[in-house]
Amino acid sequence: MAEKILLKNIDVPGLASFEVYRKLGGYSAVEKVLKNFTPDQVTSEVTKSGLRGRGGAGFPAGMKWGFIDKKTNNPRYFVCNFDESEPGTFKDRHIGQLNPHQLIEGMILGSYALGARTSYIYIRGELFYVLRIIEKAIAEAYKNGFLGENILGSGYSLDLYCQPGAGAYICGEETALLESLEGKRGNPRIKPPFPAVVGLYGCPTVVNNVETIAALPWIINNGGEAYSAVGIGNSKGTKLISACGHINKPGIYEIELGLPVEEFIYSDEYCGGIRPGHTLKAVVAGGSSVPILPANLILKTAEGKPRLMSYESLSEGGFQSGTMLGSGGFIVMDETTCIVKNLLTFAKFYHHESCGQCSPCREGTGWMEKILHRIESGHGTMKDIDLLVDISKHIEGNTICPLGDAAAWPVASAIRHFREEFEEHVKLQKCPF
Amino acid sequence: MPLLKVTIDNIEVEVEAGTTIMNAARKIGGSVVPPAMCYYSKLEGSGGYCRTCLVKVSQGSFKDNRPMPKLVASCRTPVQDGMVVQNRTSPEVMDNRRAITEFLLINHPLDCPVCDQAGECHLQDLSYEHGLEVTRTEEDRRTFDPIDIGDLIKLHMNRCILCYRCVKVADQITDGRVHGVLGRGDHSEISTLIQKAVDNDFSGNMIDVCPVGALTDKTFRFKSRVWFTRPFDAHRECSKCCGKTVLWMKGEEILRVTGRKDKYGELEEFICNDCRFEHKENVDWIVEGPRKIERHSVISQNHYEKLDIPEDGEETE
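First things first, this report covers the structure right here in the doc. (Residues numbered from 1 in each chain as written. Chains lettered and ligands numbered in written order. Predicted model: local features only at pLDDT ≥ 70, side-chain atom pairs only at ≥ 80, totals over all residues. Heavy atoms only, no water.)

### Focus on the interface of chain A and chain B
If you look at the interface, chain A gives 33 residues, while chain B gives 35 residues. For the pair chain A and chain B, the summed buried area comes to about 2800 Å², and 48% of that belongs to carbon and sulfur atoms. Among the residues of chain A in contact with chain B, A:Arg362, A:Glu363 and A:Trp367 are the three that bury the most area, contributing 23% of the side total. Seen at the junction of chain A and chain B, the total is 7 salt bridges. (Contact = heavy atoms within 4.5 Å. Buried area = accessible area lost by both parts, 1.4 Å probe. Salt bridge = Lys/Arg side-chain N within 4 Å of Asp/Glu carboxyl O.)

See the structure below:
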């Protein structure tokens, strides 16, 4: 890869401090924007860049900003979604922990573009140490005049706060996040209205992922067109992938979108291949909620084309033979992994994290967990497998927020691709692994 | 403001802008009305939770005739001009309704034989119409430790379907809510902070809005099955509320006082605790006449009418 966008200076010691970040050219995008850009120009640069939301849904960021209701006189808010809790995903933490000023710079740029005077970083409750780092960085930014009243004499003022959640996965859903930020129970809201119209405190709000926001300084410094030159098709730019599982080099990698999956798994630059003596069995490509794919379908599409790390290529074939890029939590499993047990772990997670508002998710996630537990512990029947498919089918799409889908997809896909393994559990009346 | 044209199950209706699909369907009436376990027209912001009212929008509007990608909650989706909605006519909707009913029932204790709500329970009605004949669960059902919320109202959390109606009633018509939902997921429960008693003049309405037997009247508890009582419209002068109630009588005795419910099981007007719990003598009331109980509840009919849903889900006249 030619140049890293997000993790360029990540190994520089002391990057979390203002001095080091500034010395490496930090906050130059803020200077540039406040001097020469109107807010709409910032938005148009982002639109031009083709940057897509990195939280999992991949919605074009510029378009999301464009939805903000500018007709009301209410204040507008820009919120950073740092509630990274998807199993397998640990990329945002990396930025927050090692390079908080990049996030703050992105927050200033986004807030300026949207006309927000107060912005929030909503951080996952478990990441308390990262909260401390970010709060220190915010204080430094205030001290050096990049936050607060009249930033760099431009007349633009911005207050930035970092607010920890209480440790609920559901608060990563943007409307639940806003509820939680308002001090209420973190239940997702029923949409419409969308946050761009009725968001935080009933005012127009945009919520973006950490990684999306962290890409903004580079986009402003180098231009939207330069960013859109990186990547492939409608998947522009770079993406952080947090790779874990049975690979030689687990970790966080910045890849140019369009990198072949095979290269990502096997090249020494990235995951470094499957651990010695073992073979690839399956991959969950974008965090626990996306469909699992067996080795043959993750490396090549159903039509035999090589599968690329991009929004389009990974979802090629729909859910029959494809998956999603999601949040970039790349979980690799070798042949020693029991798919049923893995699925049980996921199901347990979604059961635990369901908010309990709407009935399909509240009741269905627990039910699926119980059935999976039964199969894994050797008490399952063949009927249970079909029952699981039936339950997942009726949770999917019927819930208020995507948590229901996230709970249903792994179950449906695991049975779709690994049905024999479920049947083997039933026939042997125990786990074969 | 011009009226919007909506078609629900091939029946056309004109409604004002901002009307939800549910209320448009209620304007038509009859079998096109989706069932609602959590939506309550008198409570602001209610609905959207139970998902029993999901319908299919096969045409978004005249302007944009694409169908909506997912089933939508009819109680929370405003109609568009030219919207075409399928409720009973869509096999997909009926199949999902069957599934939602099952979800609501897998942790419900099904203790109808000892439940005071039996006979006027919306979950009973729903499962009779849309449920399976068999249960597909073999796991233990979820249980909660009982808590005492006062002398007048019995909370039986095991039966709760978390419709949030009682929370919204407390929020919107009483002068201070002391109960809410604690916990998360399938272990969320209606509870008061440190088991405080729910005590205010309008708390009794929680009982009337509860679609199941989770909140029942302690003064009526185990006195009689509802279908053995006879309902009468009655009223009295009341300084706190409208004073218009239904008396549930057995012989000359008033066993229970409730608000008046319309055909969707919703209160016409909220009543105060004074009328509900403190006035059970015949001299307290001016009886207007027998109350007609609508809908297919067993209280009025002692049996369910045959429902006209053929197997393919298509409705025939």
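Next, the rest of the story.
### Points about unusual backbone geometry
A cis amide bond links A:Lys191 to the next residue, A:Pro192, at an omega of -5°. With respect to the helices, strands and loops of the structure, A:Pro192 is situated in the loop between helix 8 (174–181) and strand 4 (205–209). Geometrically, the link from A:Pro192 to A:Pro193 is a cis peptide bond, its omega value of 5° lying close to zero. Tracing the backbone through its elements, the reader meets A:Pro193 in the loop between helix 8 and strand 4. One non-glycine residue, A:Gln429, lies in positive phi territory at about 55°. When its relative accessible area of 42% is taken as the criterion, A:Gln429 is described as partly exposed. Of note, the phi angle at B:Arg51 is positive, near 70°, even though the residue is not glycine. Mapped onto the fold, B:Arg51 is located in the loop between helix 1 (21–28) and strand 3 (54–59). (Helix = DSSP H or I, 4+ residues; strand = E, 2+ residues; numbered from the N terminus. Buried < 20%, exposed > 50% of the residue type's maximum accessible area, 1.4 Å probe, protein only.)

### Describing the pairing of strand 1 (residues 76–82) of chain A
Working note: regular strand, side chains alternate between the two faces of the sheet. Residues and elements named next belong to chain A. The buried count for strand 1 comes to 7 of 7 residues, which makes it a mostly enclosed element. By the alternation rule, side chains of strand 1 split into Arg 76, Phe 78, Cys 80 and Phe 82 and Tyr 77, Val 79 and Asn 81, which are all buried. In the sheet, strand 1 pairs with strand 2 (residues 116–123) via 7 bridges, with the strands oriented parallel. Counted as the bridge partner of Phe 82 is Ile 123 from strand 2. In this sheet, strand 4 lies alongside strand 1 in parallel orientation, the contact comprising 5 bridges. Each bridged residue has a counterpart across the sheet, and for Val 79 the counterpart in strand 4 is Val 207. (Pairing = 2+ DSSP bridges.)

### As for the sheet that holds strand 11 (residues 244–250) of chain B
Residues and elements named next belong to chain B. Read across the open sheet, the 4 strands follow the order 12-11-10-13; overall the sheet is antiparallel. This sheet does not close on itself; its edge strands, each paired only once, are strand 12 (253–258) and strand 13 (286–290). Neighbour-to-neighbour, the strand axes of this sheet turn through a mean angle of 35°, independent of strand direction. The pairing of strand 11 with strand 12 spans 5 bridges and is antiparallel. Within strand 12, the residue paired with Val 246 across the bridge is Thr 258. (Axes fitted to C-alpha atoms, helices over the stretch in contact; angles between N-to-C directions.)

### Details of the sheet that holds strand 2 of chain A
Residues and elements named next belong to chain A. Strand order across the open sheet formed by 4 strands is 3-2-1-4, with parallel pairing between neighbours. Single-partner strands in this sheet number two, and they are strand 3 (159–164) and strand 4. Adjacent strand axes in the sheet meet at a mean angle of 20°, parallel and antiparallel pairs treated alike. Bridge count between strand 2 and strand 3: 6 bridges; the pairing is parallel. What sits directly across from Thr 118, in strand 3, is Asp 159. Docked against the sheet, helix 6 (residues 100–114) engages strand 1, strand 2, strand 3 and strand 4, running at close to 150° with respect to strand 1. Along the sheet face, helix 7 (residues 128–143) touches strand 1, strand 2 and strand 3 and points at about 170° away from the line of strand 3.

### As for the state of the cysteines
Scanning all chains against the criterion turns up 0 disulfides over all chains. With no disulfide of its own, A:Cys401 has A:Cys355 as its nearest cysteine by sulfur position, at a separation of 6.1 Å. Residue A:Cys401 is classed as buried on the basis of its relative accessible area, which comes to 9%. Here B:Cys163 is not disulfide-linked; the sulfur of B:Cys210 is the nearest cysteine sulfur, at 6.0 Å. (Disulfide = S-S within 2.5 Å.)

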